[in-house]
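Notes for the structure review
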Amino acid sequence: MTALVDIELELITRTTARFPDAVVRDELDNDLLNELPTIQIQQIPGGSDDGLRLARMLVDVDVYAGTRADAISLARQVHAWMEAELPGSAGDSVVFGRIRALALPASRPYENTALRRVGATYEVFCHPVS
């Protein structure tokens, strides 16, 4: 059986280090307007594994910012980092393999019109460090 990693924790830790001017979290709170920009990372249902080691996880990454332009800009930076720099990297508990966008960064509706949300969905292949 594939040993699974806490993909949200791993991505939140790495994203925080890579984008130190953003708040990175898995859940939003009531103070979102005072914590912009925010990058939200959530594993979504789905994915698979090879039965041995390799897991395929699905992850939503939403960027919240005060303007649409700022949200799009940061979402594109996150996208480029996830697809170009993150694959092949390893940490204390995970090795990242191929990462690709299943849905490219695009504007997503959000009920608070004082901010803008841009999100993407990624397929992340990874396995625990041996």
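Structure: above.
Here we summarise the structure given alongside this text. The structure displayed is predicted, hence computed values, not measured ones.

Attention now moves to the side chain of Ser89. Structurally, Ser89 can be placed in the loop between helix 2 (68-84) and strand 4 (94-108). A distance of 3.1 Å separates the side chain of Ser89 from the side chain of Arg14, its partner in a polar contact. Filtering out sequence-adjacent residues up to four positions away, Ser89 remains in contact with Arg14, Val94, Val95 and Phe96.

Moving on, we get to unusual backbone geometry. A cis amide bond, omega -5°, links Leu36 with the succeeding residue Pro37. Structurally, the position occupied by Pro37 is in the loop between strand 1 (23-25) and strand 2 (38-49).

Glancing now at the sheet that holds strand 4. If you walk across this open sheet you meet the five strands as 1-2-3-5-4, and the pairing is mixed. Each edge of the open sheet is held by one strand with a lone partner, namely strand 1 and strand 4. Between one strand and the next, the sheet's axes are offset by a mean angle of 25°, whatever the strand orientation. Of the pairings in the sheet, the one linking strand 2 to strand 3 (residues 55-65) comprises nine bridges and is antiparallel in character.

Here helix 2 contains 17 residues, and its C-alpha end-to-end distance of 24 Å stays within 8% of the 24 Å for a straight helix at 1.5 Å per residue. Where helix 2 is concerned, the buried positions are Ala71, Leu74, Ala75, Val78, His79, Trp81 and Met82. Down the axis of helix 2, the buried side of the element spans an arc of 165°, and every buried residue falls inside it. The exposed set on the far side of helix 2, more than 90 degrees from its buried face, consists of Ala69, Arg76 and Ala84.

As a further point, take the pairing of strand 5 (residues 116-128). Most of strand 5 is tucked away, with 11 of its 13 residues classed as buried. Taken together, the 11 bridges between strand 3 and strand 5 define a ladder with antiparallel strand orientation. Of the residues in strand 5, the one forming a bridge with Asp62 is Gly119. Inspection of the sheet shows strand 4 paired to strand 5 by 10 bridges, in the antiparallel sense. Its bridge partner being in strand 5, Ser107 is matched across the sheet by Val118.

Before going further, it helps to spend a moment on the pattern of salt bridges. Counted under the stated rule, the structure contains eight salt bridges. Taking the shortest distance from any N to any O, the salt bridge between Arg25 and Asp29 comes out at 3.2 Å. Residue Arg108 pairs with Asp60 through a salt bridge whose shortest N-O separation is 3.6 Å. Pair noted here: Arg108 is in strand 4 and Asp60 is in strand 3, with a separation of 48 residues, a long-range link. Here the residues in one salt-bridge network are Arg56, Arg98, Arg100 and Glu123, joined through shared partners.

Of all hydrophobic cores here, the largest spans 31 residues; its most connected members are Ile7, Ile39, Ile41, Val61, Met82, Phe96 and Tyr122. Listing elements by their share of this core, those giving two or more residues are helix 1 (7-18), strand 2, strand 3, helix 2, strand 4 and strand 5. Residues in contact with Val61, not counting those within four places in the same chain, are Ile39, Gln40, Ile41, Val78, Met82, Val118, Gly119, Ala120 and Tyr122.

Cut-offs used in this document
Residue positions are given per chain, counting from 1 as you read along its sequence in written order. Local features in this predicted model are restricted to residues whose pLDDT is 70 or higher, and side-chain atom pairs enter the listing and the counts only when it is 80 or higher, whereas totals over whole chains, interfaces and linings include all residues. Side-chain measures were taken over the full set of non-hydrogen atoms in the model, leaving aside hydrogen atoms and water. The numbering of helices and of strands both runs from the N terminus, where a helix is a DSSP run of H or I of at least 4 residues and a strand a run of E of at least 2. In the analysis that follows, any N or O atom pair within 3.5 Å is treated as a polar contact, provided that within protein one partner can donate a hydrogen and the other can accept it, and provided that, for residues neighboring in sequence, both atoms belong to side chains. In this analysis, two residues are considered to be in contact whenever any of their non-hydrogen atoms come within 4.5 Å of each other. Strands are treated as partners if at least two bridges between them are detected by DSSP. Angles run from 0 to 180 degrees between N-to-C directions of axes, and those axes are lines fitted to C-alpha atoms, restricted for helices to the stretch in contact. Given a helix with a known number of residues, its expected span is that number minus one, times 1.5 Å. Summary of the burial criterion: residues with accessible area below 20% of their type's maximum are buried, those above 50% are exposed, and those between are partly exposed, where the area comes from a 1.4 Å probe applied to protein chains only. What the arc measures is the spread of directions leading from the helix axis to the C-beta atoms. Criterion for a salt bridge: a side-chain nitrogen of Lys or Arg within 4 Å of a carboxyl oxygen of Asp or Glu. Nonpolar cores are built from buried Ala, Val, Leu, Ile, Met, Phe, Trp, Tyr and Cys residues. Side-chain atoms within 4.5 Å join them into one set.

Purely geometric numbers; function is a separate question.
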